[in-house]
Every structure is written in C-alpha cells, then in structure tokens.
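Residue strings, one per chain:
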Amino acid sequence: MNTRRFAAQARIDTPLGPMTVAVTTQGLAGLWFDGQAHHPGPIDAPLQPGHPWIRQAQAALARYWSAPGAPLPALPPLDLGGTAWQQAVWQALLAIPPGQRRRYGELAAQLGRPRAARAVGAAVGRNPVSVLVPCHRVTGQDGSLTGYAGGLPRKQALLDGESRPS
C-alpha cells in the first residue's frame, strides 16, 4: 500500500512501455514502468499531465529517448523519500554519467561503507524514479546485469541505448 501523498500524476508512453509519473508538493517523487517491482500501486492523485514538474520530467525523458548517451536537461526538484542511506545512494546514482557503469561495491566504497554492497543493491532496487535517477547503470561485481525493478530486458535496453553514439 502506498503511504506517500502525491499531488498529481500522469501516464507517459515510452519506447520501453508505459510509465506513471507522480509528484508531491515538493517535487518529482516517482517514475515507474507498469508492472515494475516496488510500484506503489494505484495513486490517489489527480491526473494532471500539464503539471510543470510532470512536463519537466516528460521533457527529460523525451531527451533521454532521443539521445540516450547525452546529458539530461535540468530535472524538476526531486522528492524521493526514503531513508538517509537510500537518499545517499540515489544521489550517488545521479552522479553516474550516461554511458558509464558502476558496480555496487564501487558505490559502497564511494559512500564510505566498502562492505555495504548489498545495502547499496537494496537501495538501488528501491529507487522510485526509474531512468532519470539512473539505477540501470549499476552492475554486479563482475560487470554482469543484476536486478532491475523494471526487469532485466529493460535494463539491457537502457544500457544498450546509452552505449550507441547520439
């Protein structure tokens, strides 16, 4: 059950399937593929595709799909919720440039907890803003694709798109 208080939502069609975008009064709070793990379920907020932060998220996604390896335009303010640890991990995800990958262990070390690779993985898996907070850029220790809440085929497609020249 969803306990977040969303102010508005919209549906977005993407090359990898439909997504739901949700904002609070503080910023962009969710961007989920249909059927992805940790999707909050039905959102009790009005459909407002014209909401400024929703439009800004849509513009960032449109830019991503048109040039997946290019930097994104400015994102709307983020209101990701989560614990202090999750927020630290999600901020680290935002620093991974397009076309690059990080291993869970690398992020753990970067965050000062080199033995916390599994905790990083748990936080990455709970990222509420798919694609724009690029959790798909994190791989296993050997570089293999490991869990992605949106499904491994989507993770592979996102990484493949980023590795092609824009």
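The rules behind the values
- For every chain, the first residue of the written sequence is number 1, and numbering continues from 1 along that sequence.
- A pLDDT threshold of at least 70 governs which residues receive local features in this predicted model, and a stricter bar of 80 or more applies before side-chain atom pairs are shown or counted, although totals over entire chains, interfaces and linings include all residues.
- Hydrogen atoms and water are omitted, and side-chain values are computed over all heavy atoms in the structure.
- Each residue is assigned to one of three classes by its accessible area relative to the maximum for its type, calculated with a 1.4 Å probe on protein chains only: buried under 20%, partly exposed between the two thresholds, exposed over 50%.
- Helix and strand definitions follow DSSP, with helices as H or I runs of at least four residues and strands as E runs of at least two, each counted in order from the N terminus.
- Each pair of strands is called paired provided DSSP finds at least two bridges between the two strands.
- Axis definition: a line fitted to C-alpha atoms, limited for helices to the stretch in contact. Angles are taken between N-to-C directions and run from 0 to 180 degrees.
- In what follows, roughly perpendicular refers to angles from 65 to 115 degrees, roughly parallel to angles under 35, roughly antiparallel to angles over 145, and oblique to any angle outside these ranges.
- Pairs of residues are marked as contacts when any of their non-hydrogen atoms sit within 4.5 Å.
- Basically, the charged four are Asp, Glu, Lys and Arg, the nonpolar ten are Ala, Val, Leu, Ile, Met, Phe, Trp, Tyr, Cys and Pro, and anything else, Gly included, counts as polar.
- Joining through side-chain atoms within 4.5 Å is the link that ties buried Ala, Val, Leu, Ile, Met, Phe, Trp, Tyr and Cys residues into a set, and such a set is a nonpolar core.
- For a helix, the expected span equals 1.5 Å multiplied by the number of residues minus one.
- This arc is taken over the directions from the axis of the helix to the C-beta atoms.

- Naming follows an unreviewed UniProt entry, where the chain appears as methylated-DNA--[protein]-cysteine S-methyltransferase of Ideonella alba.

1. Some words on the pairing of strand β1 (residues 8-12)
- Counting buried positions along β1 yields four of five residues, so the element is predominantly enclosed.
- Bridge count between β1 and strand β2 (residues 19-23): five bridges; the pairing is antiparallel. What sits directly across from Ile12, in β2, is Met19.

2. Quick notes on the packing of helix α2 (residues 84-94) against helix α4 (residues 117-125)
- In the contact formed by α2 and α4, the axes pass within 9 Å of each other and the chain directions differ by 80 degrees. Here α4 runs roughly perpendicular to α2, going by the angle between their axes. Together, Trp85, Gln86, Val89, Trp90 and Leu93 of α2 and Ala119, Val120, Ala123 and Val124 of α4 make up the contact between the two elements.
- For the contact of α2 with α4, the per-class residue count stands at eight nonpolar, one polar and no charged.

3. Digging into unusual backbone geometry
- For His38, which is not a glycine, the phi torsion comes out positive at approximately 70 degrees.
- Residue placement: His38 occurs in the loop between β3 (28-33) and α1 (52-66).

4. Remarks on the sheet that holds β1
- Read from one edge of the open sheet, three strands run β1-β2-β3, paired in antiparallel fashion. Two strands close off the open sheet at either side, each with one partner strand: β1 and β3. Taking the axes of each pair of neighbouring strands and ignoring which way they run, one obtains an average angle of 15 degrees across the sheet.

5. A word on the nonpolar core
- Val21, Leu31, Leu93, Val120, Val124, Val131 and Leu132 are the most contacted members of the largest nonpolar core, which has 36 residues in total.
- When contributions to this core are tallied by element, the ones reaching two or more residues are β1, β2, β3, α1, α2, α3 (104-110) and α4.
- Ignoring any residue separated from it by four or fewer positions in sequence, one finds Val21 in contact with Ala8, Gln9, Ala10, Ile12, Leu28, Gly30, Leu31, Ile54 and Ala57.

6. What to know about the pairing of β2
- Most of β2 is tucked away: five of the five residues are buried.
- Neither face of β2 is left uncovered, since the one carrying Met19, Val21 and Val23 and the one carrying Thr20 and Ala22 both have all their residues buried.
- Between β1 and β2, which pair antiparallel one after the other, the connecting turn spans six residues, and Gly17 there sits at a positive phi close to 115 degrees.
- The pairing of β2 with β3 spans five bridges and is classified as antiparallel. In the sheet register, Ala22 faces β3, and the bridge partner there is Gly30.
- Connecting β2 to the next strand, β3, in antiparallel fashion are four residues, including Gly27 with a positive phi near 155 degrees.

7. Focus: helix α5 (residues 152-163)
- Compared with the 16 Å implied by 1.5 Å per residue over twelve residues, the 16 Å span of α5 between its first and last C-alpha is a close match.
- Regarding α5, the residues found buried are Arg154, Lys155, Leu158, Leu159, Gly161 and Glu162. The buried residues of α5 occupy an angular sector of 160 degrees when projected down its axis, which confines them to one face. Opposite its buried face, α5 presents the exposed residues Pro153 and Ser163, each directed more than 90 degrees away.
- Here the buried face of α5 lies against β3, α1, α3 and β5 (138-139).

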